[in-house]
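The primary structure of each chain is shown beneath.
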Amino acid sequence: MLKKPLITAIVLGSTALSGASQAADITISCGAVGAELELCEEGVAAWEEKTGHEVDIVSTPNSSTERLSLYQQILSANSGDIDVMQIDVVWPGLLANHLLDLSETLGADATQGHFPAIIENNTVDGRLVAMPWFTDAGVLYYRKDLLEEYGHQPPQTWEELTEIAAEIQAAEREAGNAKMWGFVFQGRAYEGLTTNALEWVASHGGGTIVDDDGSLTINNERAAAALDLAASWIDDISPVGVLNYTEEEARGIFQSGNAVFMRNWPYAWSLAQSEDSDVRDKVGVVKLPHGPDGESAATLGGWNLAVSKYSEDPELAADLVAFLTGEAEQKRRAIEGSYNPTLEALYEDEEVLTAVPFFGTLYDTFANAVARPSAVTGDSYGRVSNAFFDTTHSVLSGDMSASDALVQLEGQMRRLERRWK
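So, here's what we can say about the structure. Here the residue numbers are simple positions, counted from 1 along each chain's written sequence. Local features in this predicted model are restricted to residues of pLDDT 70 or higher, and side-chain atom pairs are both shown and tallied only at a pLDDT of 80 or more, whereas totals for entire chains, interfaces and linings draw on every residue. Note: side-chain values were computed over all heavy atoms of the structure, leaving out hydrogens and water.

Moving on: the side chain of Thr-162. By definition, any uninterrupted DSSP run of H or I lasting at least four residues is a helix, any uninterrupted run of E lasting at least two residues is a strand, and each is numbered from the N terminus. Tracing the backbone through its elements, the reader meets Thr-162 in helix α8 (residues 158-174). Categorising residues by exposure relies on relative accessible area from a 1.4 Å probe, with only protein chains included: less than 20% of the type maximum marks a residue as buried, more than 50% marks it as exposed, and the intermediate range marks it as partly exposed. A relative accessible area of 13% places Thr-162 in the buried class. A distance of 2.8 Å separates the side chain of Thr-162 from the backbone oxygen of Trp-158, its partner in a polar contact. In what follows, a contact means two residues having at least one pair of non-hydrogen atoms within 4.5 Å. Not counting residues within four places of it along the chain, the set of residues in contact with Thr-162 comprises Leu-229, Trp-233 and Ile-237. Within 3.5 Å is the distance limit for a polar contact, defined as a pair of N or O atoms, with the added protein rule that one can donate a hydrogen and the other accept it, and that residues adjacent in sequence qualify only through two side-chain atoms.

Right, let's talk about the state of the cysteines for a bit. Throughout this description, disulfide means a covalent bond between two cysteine sulfur atoms. We call a pair of cysteine sulfur atoms a disulfide when they lie within 2.5 Å. Taken as a whole and judged by the stated rule, the model has one disulfide. At a sulfur-sulfur separation of 1.6 Å, the disulfide partner of Cys-30 is Cys-40. As the torsion about the S-S bond is roughly -75°, the Cys-30-Cys-40 disulfide counts as left-handed. Of this pair, Cys-30 sits in the loop between β1 (26-29) and α2 (34-51) while Cys-40 sits in helix α2, placing them 10 residues apart in sequence. Under the relative-accessibility criterion, Cys-30 is labelled buried at 0%.

Another point: the pattern of salt bridges. For salt bridges, the criterion is a side-chain nitrogen of Lys or Arg within 4 Å of an Asp or Glu carboxyl oxygen. Following the criterion strictly, the structure yields 13 salt bridges and no others. Notably, a salt bridge pairs Lys-331 with Glu-351, separated by 2.5 Å at the nearest N-O pair. Of the two residues, Lys-331 sits in helix α14 (residues 327-337) while Glu-351 sits in helix α15 (residues 350-355), which places them 20 residues apart along the sequence. Linked by salt bridges that have partners in common, Glu-42, Glu-329, Arg-332 and Glu-336 make up one network.

Let us now look at a positive patch on the surface. Here, patches come from residues exposed beyond 30% relative accessible area and free of salt bridges, joined within 9 Å for like charges and within 5 Å for nonpolar side chains (Val, Leu, Ile, Met, Phe, Trp, Tyr). Computed by Shrake-Rupley with a 1.4 Å probe, the accessible areas treat only the displayed protein chains as cover when residues are assessed. Asp and Glu are treated as the negative residues and Lys and Arg as the positive ones, with His and the ends of the chain left uncounted. Every charge is mapped to an atom, namely NZ of Lys, CZ of Arg, CG of Asp or CD of Glu. A contiguous patch of positive charge on the surface is contributed by Arg-383, Arg-415, Arg-418 and Arg-419. One can find Arg-415 in helix α20 (residues 402-417).

Okay, here's the thing in structure tokens:
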């Protein structure tokens, strides 16, 4: 069955998407690179063995912003080229009209045991448009050996992180590691920067860009202070290159032993602990720091699996989704890849907690993560996020002060505000 014309067309115009075999019964997009893709391949292989069906795994861009753009191209063409799509926690409202109602296909009990907040997030106008696959929240990784050597505890505030990072960076460089940096994070102008910057702003008491009532909150002194502090890190405790880092670039620096602190998602734990990691058994994980007038804030992340309503075999695609989001697969992914389950019971599972201890100690961080304003802004969220991360990037790049940048951002947001109010 030949069903890949749009994918082929996109491949010709971009290297972001790999070609697919013609013999597969269904296709799935479920990871871009590395451990994420490998875990998906293993899960898909188990389902293939169980059912006898064949699945084509379609590679997509690592950048979530680019991946969303690709999905929108395919879905706007009413194409069933990708049957099952891995979608970000902020996309259900954007893509809902193109997605299958899984409650009709899988039954009302399909969501039993999953975090209710994520099920609510994935339900649009009464339709369950995606099943939770793994949840996420930003965490702080640190070199516990270096902090111990230099007499420090993990930082409670961003100012403490800045001071400790500068001290250890200087000392380590003097000792011969010229590549050492104090702090790496996701600074590229994409959705990942929105998650980082929201943590800085919210933890300074500066709000969440747009509040639950739909009112703009971003242009305030605490938000400006948070962004100015982050800008001070560039070419000081953070390399200039961080302005183009996604999750994997940051992890590469940290895992090679060349950073004291890293902001990333929980998935990086299993990789940092792998046999070929330069920092194996040298890493600790704690909640993110906070500003002088705030509390620690971790942006809610996570990914879901959805079925395109243009799929030629929606029931088969939905069965694959049910398998991949089921307890056995979520437990395997938690143990092997430190991906946070969306099933509450697995946070009390001894095997899971042995593999990833901080799932227990940081449970409150994951349960109370700060949501991006995707629900209240609806289909305008993409524009809101783009404006926010572009503005943040300009501040980090030194193009303007945070106070001036936030005035401009508020003006942009005012023009968008009428779309959701």
